[in-house]
Amino acid sequence: MPDRRAIVAGLLAAAAFPAAGEGARLHKAISTIVPFKTSPFPYRGKLPDGSGPFLDVTANGRRGHTSPRGGIYWEDETYSDRSTLLAAPRGFDPAKPAVIVVFFHGNGATLQRDVVGRQRVVAQVEASGLNAVLVAPQFASNALDSSAGNFWTPGHFATFMAEAAQELSKLTGAKAAKFDAMPVVLVAYSGGYNPAAFVLRNGDIGGRLLGVILLDAVFDEADIFAGWIASHRKNFFVSAFGQSSASGNAQIRQLLASQGIDASSDPPRRLEASTVALLASDAAHDSFVTRAFVANPLQWLLGRLQGFPR
C-alpha cells in the first residue's frame, strides 16, 4: 500500500510547483530556491587582481575573508550558501519568445528576505508583463561584501547559466534547451556591480546578453561598464542612480563622451538595442529597487523592453 505521507508530499509539491508542460502557459506563478553546484560561493581561489587568496584568515580551523567594509567574515557563515532563486510568473509561455532576467543583489542581503520580500523583484518581473523567468544567485550572505566569488573566473557564469537552464526546465516543464537559448537581461543593485562587471568583462554568455540594468550600482569598475557599452552598441545599458553612486555614473558619462557616445538623461520610452541612459534620482539607496526615478523601476524598465510578447 502506498505510503500516505509520500502521497501527500507529492500532492503538495505539485500544487506549489505546477509544471507548464512543453508549449503551455503557466496558470500560476511558481518559484523556488535551490542549491546550485556552480554557485558564486564557496570560493577558494584568489582575489581578481592576483594579490592573494580570497580566504586570507584562518582561526580555530575556520577560514575567513577580510572585507574592506565589513571586517572578517567566516566562510561557513557568509560564503557557503549555494542557493539560487528561480521564478516564473503566471502567464509565462515557453513556446513564445522569452527572456531570462538575472538579478544580482547588493550587500547585506538574503534571497527570501530581501530579493523576494523587501525588494519585490519576483513581483516586479511578473507585474512588468514581460514573458520572462528570473534567476537570482546568493552572493555573500547578509554581509557588507560585494565579492563575485566564482564569477570572477572566466567561464563560470556561463556554466551557472547552463545549470539554471536545467533547473528552470524542472520548475516549468519546458525543455532545458529553450532556456539555454534564451536572451538574458542582467540586473544589478548596489554591491551587485562587482559580479556584473566581471560577467561583462569575461564575456561569458556572448551574444545572448541583450543588455544591462544597474540600480544605484556603479561604486567601482566604471571603466569596465563604459568599455562594454562602447563595444556593444547593439545592446542596451540603463543605469539609474542616486547620490550613492552618482560619481561612478559621472565617470561612465565622461568615458563615453570621450568616445563620442551620448548617454541620455531621460527615462527611455522603449528599451531597445543601442539605448544608453544614465538616470539621476534623489531616492534613498536602501529602497532604490522599489523607488528610484519611478516606483518599481525594474518593473517599469522591463515593461518597455521591445521585441517580446506581453
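Predicted, not measured: the structure shown is a model, and the values here were computed from it.

### Brief notes about the environment of Ala-123
Following the sequence through the fold, Ala-123 ends up in helix H4 (residues 121-127). Along the backbone, Ala-123 and Thr-32 are 91 residues apart, and their C-alpha atoms lie at a distance of 14 Å.

### Topic: the sheet that holds strand E4 (residues 71-74)
As summarised here, the arrangement of the three strands in space is E2-E3-E4, forming an open sheet in which the pairing is antiparallel. The open sheet has two free edges, formed respectively by strand E2 (57-59) and E4, since each of these has just one partner strand. For this sheet, the mean angle separating the axes of adjacent strands, direction not counted, is 35°.

### A word on the packing of aromatic side chains
Inspection of the entire model under this criterion finds 19 aromatic pairs. Ring centres 5.7 Å apart and planes at 65° place the aromatic pair Tyr-43 and Phe-54 in the edge-to-face group. With Tyr-43 in the loop between strand E1 (30-35) and E2 and Phe-54 in the loop between E1 and E2, the pair connects residues that are 11 residues apart, well separated along the chain. Each member of the pair, Tyr-43 together with Phe-54, is buried. Considering the side-chain rings of Tyr-43 and Trp-152, the 5.6 Å spacing of their centres and the 75° angle between planes classify their relative orientation as edge-to-face. Of this pair, Tyr-43 sits in the loop between E1 and E2 while Trp-152 sits in the loop between strand E7 (132-137) and helix H5 (156-172), placing them 109 residues apart in sequence. In this structure, Tyr-43 and Trp-152 share a single accessibility class: buried. Taken together, the ring pairs in this structure connect Phe-36, Phe-104, Phe-139, Phe-151, Phe-157 and Phe-160 into an aromatic cluster. The ring of Trp-300 is capped by Arg-304, whose NZ or CZ atom sits 3.7 Å from the centre of that ring.

### Details of the sheet that holds strand E8 (residues 184-189)
Whenever strands of a sheet pair, they do so through backbone hydrogen bonds, lying parallel or antiparallel. As summarised here, the arrangement of the eight strands in space is E1-E5-E7-E6-E8-E9-E10-E11, forming an open sheet in which the pairing is mixed. Both outer strands of the open sheet, E1 and strand E11 (276-280), are each paired with one neighbouring strand and no more. Neighbour to neighbour, the strand axes of the sheet diverge by 15° on average, direction disregarded. When strand E10 (residues 236-241) meets E11, the two strands line up parallel, connected through five bridges. Its bridge partner being in E11, Ser-239 is matched across the sheet by Leu-278. Against the sheet, helix H7 (residues 193-202) makes contact with strand E6 (99-104), E8 and strand E9 (209-215), and its axis sits at roughly 145° relative to E8, the strand it touches most.

### A closer look at the confidence of the model for the chain
Low pLDDT marks regions whose predicted coordinates should not be analysed in detail. Residue-level pLDDT values for the chain average 91, and 92% of them are 70 or greater. Confidence drops under a pLDDT of 50 for residues 1-21, and excluding neighbours within four residues, the segment shows 21 contacts in the predicted structure.

### A few points about the pattern of salt bridges
Using the criterion set out here, one finds seven salt bridges in the structure. A salt bridge links Glu-75 to Arg-44, with the shortest nitrogen-to-oxygen separation between them at 2.8 Å. One end of the pair, Glu-75, is in helix H2 (residues 75-78); the other, Arg-44, is in the loop between E1 and E2, with 31 residues separating them in the sequence. Put simply, Glu-77 and Arg-62 hold a salt bridge, and the shortest N to O gap is 3.2 Å. On the criterion of sequence distance, the pair formed by Glu-77 in helix H2 and Arg-62 in strand E3 (residues 62-67) is long-range, its members being 15 residues apart. By relative accessible area, Arg-62 is classed as partly exposed at 27%.

Definitions and limits used
- Residues numbered from 1 in each chain as written.
- Predicted model: local features only at pLDDT ≥ 70, side-chain atom pairs only at ≥ 80, totals over all residues.
- Heavy atoms only, no water.
- Helix = DSSP H or I, 4+ residues; strand = E, 2+ residues; numbered from the N terminus.
- Pairing = 2+ DSSP bridges.
- Axes fitted to C-alpha atoms, helices over the stretch in contact; angles between N-to-C directions.
- Phe/Tyr/Trp six-rings, centres within 6.5 Å; stacked < 30°, edge-to-face > 60°.
- Buried < 20%, exposed > 50% of the residue type's maximum accessible area, 1.4 Å probe, protein only.
- Lys NZ or Arg CZ within 6 Å of the ring centre and 35° of its normal.
- Contact = heavy atoms within 4.5 Å.
- pLDDT = per-residue confidence, 0-100.
- Salt bridge = Lys/Arg side-chain N within 4 Å of Asp/Glu carboxyl O.

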